[in-house]
Amino acid sequence: MTAGDARRSRLADERAEWPARPSVAESPALGVNGANFVRIAPSWLSRDGGLAQTDLPRNRGLPGEKPPPSTISPMKSRSSRPRMFAPEDVLGAADAYGASGADMRELGKTQPRASQQRRALGGTGDRALGARLSGPPSSADARSAKMSRASAPSSPSGLDKGEAPRTPGRASAGSGDRAFVARVSGSRASRSSGGIPAPTPAQIRNMLPGEELIKTSEDIVEYYVRNGLGAPIKVFYCVAAPTTNTGYTPYDLVVVPKEHVENKDLEHYTVTSSGATLVYADGAGGEFTPLGDWMRDASVFALMRQMRFFREYLIKKAFNFWRGNVRYKMYALVRAKIERKLARARRKFVPAVVEIGALCDELRTTAAITINPLVTHTLDDFTRNQETQLQQVAIPAIEAAQEKARKILERVVRDVADEAKEVAAAVAATGGIDSFVSKTKSMVALKRERHERARAHKRVDEERAMLPVLVRLADYMLTEATVEMANANLRKLLDVVERPDPKSKGALSACVAFERGDVTAFEPDERTVLATVNGTVLDGVARAVGAAPRVAYARAFQPLLEAAARASEGQETFPLSKGEEPAVRLVEGFSPHSNDSAHPEGSASESETHNLDQPSRRAPTRKAYEGLGPMAVLLADATWLSMRASLDLKIASSFAEAREYVKTYEDLRPIHAFGASWNREEYEKAPKTVAAFRADMLVQRGWGQDLDRMKTSATAGCVFVDGKPLRTELVGTVHGMLESMKALLLVKAREEAIKAGTNFTKRIKTLLPRPEDLDGFMSLVEQHQKHAAAKASYVAEHATVEDMFGMLVEYEMKIPAADQVRLDDLNEARNGFLEAMRSAGEYVESKKAEMMKALKTGVADVEEALFREQTSLNTGMYMDRESDPAEVVQALAVVRATLDAHGAKCDLYKRYQKLFNTAVGAFSSLDLAVKEYDQKHDSWDSLFRFRSDSSGWMSNACETLELDAITNGVDDAYTAAYKMLKLRRDDQVVMRTREEIEAFRKYVPLLNEVANPALQPRHWEKIFAVFDKGAYDPEHPPTASDLLEWGALDKLEQLENIGANASKEYSLAQTLKKMTKEWEGQEFRCVPYKDTGTYVLGGSDEAQALLDDQIVKAQGMCASPFVKPFEADAKAWSATLNTLQDMLDNWLKCQQTWLYLEPIFSSEDIVKQMPEEGEKFRQVDNEWRDIMNATKEAPDVITIGKDKERLDRLEECNILLDAIQKGLSAYLEKKRLFFPRFFFLSNDEMLEILSETKDPTRVQPHLKKCFEGVAKLKFEGEDFLITAMISEEQEEVPLMNPISVADANGAVEKWLLQTEAAMFDSIHNVTGEGLKAYTSKPRDQWVLDWPGMVVLVCTAVNWTADVTRAIGEGKGAVKAYEEKCTADLLKIVDRVRGELTSLQRKTLGALVVMDVHARDVVSVLAKNGVASATDFDWQAQLRSYWEEDPREERDVTAIMRIMNAEVEYGYEYLGNSSRLVITPLTDRRYRTLMG
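Residue positions are counted from 1 within each chain, in the order its sequence is given. Given that the model is predicted, a residue must reach a pLDDT of at least 70 before its local features are reported, and side-chain atom pairs must reach 80 or more before they are shown or counted; all residues, however, enter totals for whole chains, interfaces and linings. As a rule here, side-chain values come from all non-hydrogen atoms in the structure, and water together with hydrogens is ignored.

### So, the overall build of the chain
In terms of regular secondary structure, the chain is built from 53 helices and 18 strands. Burial status follows relative accessibility: with a 1.4 Å probe on protein chains alone, a residue under 20% of its type maximum counts as buried, one over 50% as exposed, and anything between as partly exposed. When each of the 1491 residues of the chain is scored for burial, the buried share is 45%. Every residue pair with non-hydrogen atoms within 4.5 Å of one another is taken to be in contact. Counting contacts in the chain only where the partners sit at least 6 residues apart, residues at least 24 apart contribute 72% of the total. Every accessible area reported is derived by Shrake-Rupley at a probe size of 1.4 Å, with residue values counting cover from the shown protein chains alone. Only carbon and sulfur atoms are counted for the fraction: they give 53% of the accessible area of the chain, which is about 76,600 Å². We count a stretch as a helix when DSSP gives it H or I for four or more residues in a row; a strand needs E for two or more, and each element gets its number in order from the N terminus.

In structure tokens, the structure reads:
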């Protein structure tokens, strides 16, 4: 299978998808001789390429294949390409050259002229042609050739710039320059021939149908694409289309008659269905391009023409060529000018400049900062070395360089002066006729000599003029060298710091130290290092640079520089026509012996002025030379500043790294903290055990080991971190604390050894006795058992002492000999104790049986004695109820002592039994005897105590009796007897007790009366009167027995009446006493009030509550009939309480009013406006301060309550305060009447405003109450100029006329009234401006430019006007306006969905509500068919108009109308608040409110 067959099979599926093309016969444009219905699949659409002549039709084969390119000779074929690339490669190239891919892809979308013609002819071949136009180019050669032609074509068909070419052109082949020259020459030939001739009538008659429509190469391609190889027209003759100077369109061809090119020396093309052939003008052959390659190359060329690089190549190339020539000419001119004016280019100045340059090189290498990169310096050493280096090396080197430069410049000036004199002398010598006539020289020679002298004169004059420049140049060079020297030294220092030598440990050392507060410090710290390096070292270098003498300020050069300065200012000129030349005149003032430097700020000295010529003798009025000195240049040098910043940064980073490193020392901080808090005295006082000593000493030992392992140094950047001082400090701390602990341990061990030895000695003594009696033996047994049980603790005590001494030995503590002896004595005592324990144990065992027998005998004796005591308690007087209770109680006391002795012996025998490990006896006899004793004792003791108490009550004086004691005594005795009788019913003694109590109870009522504490002598007088016993004698008061003898029981009722009255009087007296006692300690609490220097009452609630309670009680007391005995005291107390109440009421009232008025009248502004009230308040204030100061000194409440004068003063103060408040109210009322919006403020708020008239901003918090929408005002400047009002939503509306607060002279109401008027005017003005601007831009943009309420008003006005106009135009107009309202609403909604500020969003939110309602109203109008502006449906709506002001206050204003009601718009600023949805109920409210 051939390659063609393979391609045919690969494209079999694709062909079915291509559109059908009409044949030539079916084409009305091409006639009826065309081929049948065909489809063409060109091979150049395939990725692997192909030949145009092998492309096959869909339904039938081509009429024949063209011979291979090699047979066409000598023409060269373009069908073979070394490589191919896709159109996307071209798009990539377009991106590289600045054309967007979108522009390139749009190329396929353009409809060229031929395509339009094709559509006019009814053809359907666009898709195939489009496919060809998008096909890939075939070779890199073609691409490179096309790129070399470069330039955007100028379309012959009149296409606009950027539009795709109408006709595909041909691609250039890789045939070299010859083809290119031929094509260009052919184009020129065609242009020079006078254009392309139009076909003659005969030629038109001979044309085939449709041939007259084919004009360009694009038409030809379209024709052959439609008809294929069977096209009736087999060949077309073409020439290149006319081109412009800036356009190059090689693929644009124009069809010409054959006669136009046949047999003529004219380059032309022949185009067939196979391809296009370029025929050279000289007949030397041509080039053949297959039609597919032609179409592809034309498309690629058109794509590349869209790229800016290729489109503007020719223009840019020409411009670059022109710019290069112009720039070179300018360069040559500037170079010549520089050569003429540059001082260092002068031959006479060059050696001096070179010498000064050598000095500058030496100066640049001078070491102003010395630092050894291998040595670590302390900060002091480093600073000292730099100061030494500056003083001994840098400063002398700078001064030496300046001195040498000065001498070099003096030599140059001297040479110029000498040469100037020689030239002047030569000019003077040849100034006569001899300079024009000579016998020995020709005229030419004389002319040449004159020219030479003129050039010399000009050269000398120029050199003279350049001398100041040379001096300045030398100064600049030295300044630059000095600055570079400083930079080089800083760079060297920075290199050492930033890139230290590997062998170096760091440039600077810093010691580490712990400080309080967990702070780790460096010595020196970062701040000190930076201050030293910058302030001492680098600033020292800068000062050294600035202190060096400057050549320009040398006195020797001052005349030169001053003369040059005067000449530049036009003060002095040196005309060459004068007798004395300027070069001589300038340098005569030069003094080579003046070596001193003039001060930069100074002027020429008197001697220097004398040396100058007469015209220059004027004293200089300015510096001879001005310019930045080396120090100023250095301090402003970016390199110097950058390196200083880098040095600071490096030092800071090094210290940061060092701080990170020293964190490894944090484990050692507890050592420092412990050492800082260590106090030996406190440590000695605190009790310490051996374990505590061991733990503390172990910690110290561990810390010592940590310090031994401590890394004492490290390098952090340029800082050598030295930890040796820290380690030394911590080692000393640990060693000192350990030694102290060892010393304390030694003392503790000594004390414990002595104590333990003493204890062992005492224990041995307790074990030495060998008793033979039972008690002594049991004592020995007890001691032996006790020591045996505590033996372990004794051993531990001994071990503790040995442990202490062992620790001392372990920690290498030398133990004194005396302490060693004590330890030995302790060991001997311990051994003696063990021996005594053994001996005592043997003795106890030997005597144990004998002593146990003795113990049994003792126990039996005690049991027998207890039985006898129990038996005795049931016999004799103990059982006889008639026995004397006193005797029985005394006998029972003896029995109690006997039983106690037997009980003690029983306890002792129980202990002995425990020591013998035998059964402990119960000793029940003891319990029985004690029980019997308790019964007998309770019975007889109760009887005995009641007899004693009753006897005393009856025989003691009545005044000494205590009523509670009598009552409680009788009741307690009876209760006890009842309980005992309940337990022992047959106990006769208890029965006797109860009988006696019952017999005594008949006297209790009498005792209750006579024991009443309320009975006073006056009451006893009445009692004596009842018994007719005469006068009462307080010295001999009666007893109860006396009253019984007088018959008191018969007159008990009279005694009860007297006692009742006495009790009531006593109760009132106690109440009065209690009331007075409650006020003890009650004081008024005086609290300092702010910064006034006085006080106010604080916390009077407790006193008020107590006062209220006692006033009621006092009034009730005074009304009682029993108050007569102390009626005066009760009334006095009541009066005191009433006075105190009045005082407290007036005091609190005065305080409240004073607190309210004090801040008001503390303001000078208020006092100035209310002088009378201010004077009254001053009086009240003085009184208040006196009262409070006196209260602070004597705060007792009752004392103050008795001070009626103070009450009078407080009442007078309240009268004055009432008058002040009335005046204040009248003052505020006047302010409110002046500015009615003040009625919205409370008195306190108004006073806060009026008291601070100097600070208008104090009004800001209250503006919201005065103005609906104004949250604050915008004040500007020191005069507080009000320029705008700001809403709560932060919407700012500027005032049309700013208001000056200062002009109001503190009258707040005045400038607030002006603000109100300005608000109305500003809103009116902004509304008018908004209406003017409404139609200037789209509505959805306009709404963002104006305040919210202005947007709503303007929208309403325009809506009313538009609706009125639409109603006048008819129903259809209303419906159309409804649609417009909907569209406007949707635009606003779209705007809301975008990015807006919060303020704009609020504006649009309110506008949407209004627009929705407006749209709904228009919908109702359209639905109801409103046709007149007077219809009710329209009149019932709220309408807004902008028309003339009926009140003539303004030119125009906003008028609101509804029904027949009309209201002018108020212009009250409302801010940018939101709006509620407008409902039909809202419209009704509008009608109701406005009607």
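Back to the text.
### As for the environment of Asp-1390
Along the chain, Asp-1390 turns up in helix α50 (residues 1371-1393). In sequence terms Asp-1390 and Asp-1340 are 50 residues apart; their C-alpha atoms lie 9.1 Å from each other.

### A few points about the nonpolar core
To qualify as a nonpolar core, a set must consist of buried Ala, Val, Leu, Ile, Met, Phe, Trp, Tyr and Cys residues joined through side-chain atoms within 4.5 Å. Counting residues in hydrophobic clusters, the biggest one holds 149 residues, and the most contacted among them are Leu-493, Leu-538, Leu-647 and Val-721. The greatest single-element share of this core, amounting to 16 residues, is contributed by helix α17 (residues 443-498). Residues contacting Val-721, with those up to four places away along its chain left out, are Ala-510, Val-512, Phe-522, Ala-658, Tyr-661, Val-662, Thr-712, Ser-713, Ala-714 and Ala-716. Grouped together as the second largest cluster of nonpolar side chains are 101 residues, Trp-1133, Ile-1187, Met-1188 and Val-1293 included.

### Examining the sheet that holds strand β16 (residues 1439-1444)
Hydrogen bonds between backbone atoms are what pair the strands of a sheet, whose relative direction is either parallel or antiparallel. Between any two strands, at least two bridges found by DSSP are needed for them to pair. In spatial order, the strands read β16-β17-β18; together these three strands make up an open sheet with antiparallel pairing. Of all the strands in the sheet, the pair left with one neighbour each is β16 and β18 (1461-1464). Sheet twist, expressed as the average angle between the axes of neighbouring strands with direction ignored, equals 35°. As paired elements, strand β17 (residues 1452-1458) and β18 share four bridges and run antiparallel to each other. Bridge pairing links Ile-1458 to Ala-1461 in β18. Running over the sheet, helix α47 (residues 1308-1333) touches β16 and β17 and is turned about 100° from β16. Axis lines are fitted through C-alpha atoms, for helices just across the contact stretch, and the angle between N-to-C directions can take any value from 0 to 180 degrees. Running over the sheet, helix α53 (residues 1480-1490) touches β17 and β18 and is turned about 110° from β17.

### Overview of a negative patch on the surface
A patch consists of residues whose relative accessible area exceeds 30% and which take part in no salt bridge; residues with like charges are grouped when within 9 Å of each other, and nonpolar side chains (Val, Leu, Ile, Met, Phe, Trp, Tyr) when within 5 Å. The term salt bridge refers to a side-chain nitrogen of Lys or Arg lying within 4 Å of a carboxyl oxygen of Asp or Glu. Only four residue types enter the charge count: Lys and Arg as positive, Asp and Glu as negative, with His and the chain ends excluded. Taken as the charge location is NZ of Lys, CZ of Arg, CG of Asp or CD of Glu. Judged by side-chain charge, Asp-1108, Asp-1142, Asp-1145, Glu-1205, Asp-1208, Glu-1211 and Glu-1212 come together as a negatively charged surface patch. Sorting the residues of the negative patch by element identifies α40 (1127-1161) and α44 (1204-1234) as the ones contributing at least two each. Looking at the negative patch element by element, the count peaks at four residues for α44. For Asp-1142, the position within the fold is in helix α40. Residue classification places Asp-1142 among the partly exposed positions, given a relative accessible area of 38%.

### Comments concerning the packing of aromatic side chains
Pairing of aromatic rings covers Phe, Tyr and Trp, the last counted by its six-membered ring, and requires centre-to-centre distances within 6.5 Å; plane angles under 30 degrees mean stacked, over 60 mean edge-to-face, and any other angle means tilted. Following the criterion strictly, the structure yields 27 aromatic pairs and no others. A ring pair is formed by Phe-309 and Tyr-313, whose centres lie 5.8 Å apart and whose planes are at 55°; its orientation type is tilted. Aromatic pair Phe-1084 and Trp-1147: ring centres 5.1 Å apart, planes at 55°, arrangement tilted. Remark: Trp-1147 occurs in helix α40 and Phe-1084 occurs in the loop between α38 (1052-1078) and β11 (1085-1088); sequence separation between them is 63 residues. Residue Trp-1147 is classed as buried on the basis of its relative accessible area of 0%. One aromatic cluster in this structure is built from Tyr-251, Tyr-269, Trp-294 and Phe-301. Two thresholds decide whether a charge sits over a ring: the Lys NZ or Arg CZ must be within 6 Å of the ring centre and within 35 degrees of the ring normal. In this structure, Arg-1439 is placed above the aromatic ring of Trp-1434, and the distance from its NZ or CZ to the ring centre is 5.9 Å. Lying over the aromatic face of Tyr-1441, Arg-1457 brings its terminal NZ or CZ to 4.8 Å of the ring centre.

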